[in-house]
Amino acid sequence: MSEPKPRRWRRRLSIALAVVLLVAGGLWLGNSSVLWGAGEGRPPLLAHRGIAQTFPLDGVGNDTCTATRIHPPDHGYVENTIVSMRAAFDAGADMVEFDVQLTSDGQLAVFHDSTLECRTDGTGRVADHTLAELRTLDLGYGYTADNGATWPLRGKAVGLLPTAPEVVAAFPGRELLIDLKNNEPADGRALADYLATLPADRLATISVYGGDDSVQAVRDRLAQLRTTSKAIMQDCLIDYLATGWTSHVPDSCHHTELHLPQRYGRYLWGWPNLFADRMRAADTRVILVGGEGPWSEGFDQPEDLDAVPSGWSGWLWTNRVDVIRPLTGG
């Protein structure tokens, strides 16, 4: 006598559910930071532009002059100067990031904005000035925390604009991240021409990121250099989403750098610490950036660390390494 159909269907459904649960359990076990991630130690810190002035990000757009909305300063450093970078390393930074763009005479100037009016007493585009002209500027001229009632950094950064070679020479052996501010192949080629003059052991301590076109120009000349861009990160993460459940790290994720907001990371296999461990084994840095909006924020105040995953084993992005390092095992 055959088994009644309802009973057979219930039995098959039970078997199917059991299989689904086993597979789901296996995926969880194989990708759980609780069981496999390192989750211990001192997270390395990337100091964004050295020690910088910070500002609220609400209402910030592409054309916002952030120098005119800084928090009341509790230090006198101006971003992207060798003085601020040295202070960052002295405070415990493991790597310093700085911005680079070409001058009219082909020099690799270290400056963030494409124009001068916001931060300095100059006018016009950086690209339209010689390095000698840029060296005359007061880099702290435009900073105010009270709508122009006071200008606390004026006169403190006159003539302090450095070049990329000067930054590299100032910090021998230290890890540096160069941001190509203009997405122009010419900028990438100029930077690559300079970096190609460095010995292999020094080149191994330098990374480059920026727009897809400028970074590709660097990669075409220096394939061994650690580089990243929006396209590189997207390729890596899309490939990893497809295969990461097996613990496999695709080739697109090898020897690069991922700048990840927490809101994206939580969708990745093995997030947080197992993911960071897998990428580290592939010679790729994972740098956690703060914020939930369109702009990358730093972990700059003690309360910002509440958003960092427990036992985070990757890097942290900060504008205030002097504040954050003592709180992260410095």
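See the structure above.
Keep in mind it's a predicted model, so treat the numbers as computed, not measured. (Residues numbered from 1 in each chain as written. Predicted model: local features only at pLDDT ≥ 70, side-chain atom pairs only at ≥ 80, totals over all residues. Heavy atoms only, no water.)

Asker: Before we go on, may I ask you to explain the packing of aromatic side chains in this structure?
Answerer: Two descriptors summarise a pair of aromatic rings, namely the distance from one centre to the other and the angle between the planes of the rings. All chains considered together, the criterion is met by 5 aromatic pairs. A centroid spacing of 6.4 Å and a plane angle of 85° characterise the contact between Tyr209 and Trp317, whose relative ring orientation is edge-to-face. A residue pair is termed long-range when its members are at least 10 positions apart, and Tyr209 in strand 5 (residues 206–210) and Trp317 in strand 9 (residues 315–318) qualify at 108 residues. With respect to class, Tyr209 is no different from Trp317; both count as buried. (Phe/Tyr/Trp six-rings, centres within 6.5 Å; stacked < 30°, edge-to-face > 60°. Helix = DSSP H or I, 4+ residues; strand = E, 2+ residues; numbered from the N terminus. Buried < 20%, exposed > 50% of the residue type's maximum accessible area, 1.4 Å probe, protein only.)

Asker: I keep staring at the pairing of strand 9 and nothing clicks. Help me out?
Answerer: Looking down a regular strand, the side chains alternate between one sheet face and the other. The two faces of strand 9 match: Trp315 and Trp317 on one face and Leu316 and Thr318 on the other face are all buried. In this sheet, strand 9 lies alongside strand 1 (residues 45–48) in parallel orientation, the contact comprising 3 bridges. Bridge pairing in strand 9 places Leu45 opposite Leu316. Here strand 8 (residues 285–289) pairs with strand 9 via 2 bridges, running parallel. Residue pairing across strands places Ile287 opposite Trp315, the latter belonging to strand 9. (Pairing = 2+ DSSP bridges.)

Asker: Please explain helix 11 (residues 273–281) as it appears in this structure.
Answerer: Along an α-helix, residues three or four apart share an orientation, since each turn contains 3.6 residues. Most of helix 11 sits out of view: 7 of its 9 residues are buried. Taken from the residues just after helix 11, Asp283 is the one with a positive phi, measuring 60°.

Asker: What should I look at first to understand the state of the cysteines in this one?
Answerer: Two cysteines, two sulfur atoms, one covalent bond between them: this is a disulfide. For the structure on display, the rule yields 2 disulfides. The side chain of Cys65 participates in a disulfide bridge whose partner is Cys118; the two sulfur atoms lie 2.1 Å from each other. On the sign convention where negative means left-handed, the S-S torsion of about 85° between Cys65 and Cys118 marks this disulfide as right-handed. Of this pair, Cys65 sits in the loop between strand 1 and helix 3 (82–90) while Cys118 sits in the loop between strand 3 (108–109) and helix 4 (131–134), and the two are 53 residues apart along the sequence. Through a disulfide, Cys236 is tied to Cys253; the S-S separation comes to 2.0 Å. An S-S torsion of about 105° defines the bridge between Cys236 and Cys253 as right-handed. Of this pair, Cys236 sits in helix 9 (residues 230–243) while Cys253 sits in the loop between helix 9 and strand 7 (257–261), and the two are 17 residues apart along the sequence. (Disulfide = S-S within 2.5 Å.)

Asker: I would appreciate a short explanation of the side chain of Thr328 in the present structure.
Answerer: Inspection of the secondary structure puts Thr328 in the segment after helix 12 (321–324). Of the polar contacts made by the side chain of Thr328, one reaches the side chain of Arg325; its length is 2.9 Å. With residues near it in sequence (within four places) discarded, Thr328 still touches Arg42, Pro43, Leu45, Leu305 and Leu316. (Polar contact = N/O pair within 3.5 Å; in protein donor to acceptor, adjacent residues only side chain to side chain. Contact = heavy atoms within 4.5 Å.)

Asker: What exactly am I supposed to notice about empty space enclosed by the protein here?
Answerer: If you roll a probe as big as a water molecule over the atoms, it shows you where there is empty space left. For the structure shown, the criterion picks out 1 cavity of 30 Å³ or more. Empty space within the largest cavity amounts to approximately 60 Å³. Residue lining of the largest cavity: Val78, Glu79, Asn80, Thr81, Val110, Phe111, His112, Arg119, Leu139 and Tyr143, and that is the complete set. A breakdown of the residues in the lining of the largest cavity according to their chemical character gives 5 nonpolar, 3 polar and 2 charged. (1 Å grid on protein atoms, 1.4 Å probe; cavity = no way out; pocket = protein on both sides within 12 Å on 5 of 7 lines; lining within 4 Å. Points joined across faces, edges and corners; volume = space filled by probe spheres on them. Nonpolar A, V, L, I, M, F, W, Y, C, P; charged D, E, K, R; others polar.)

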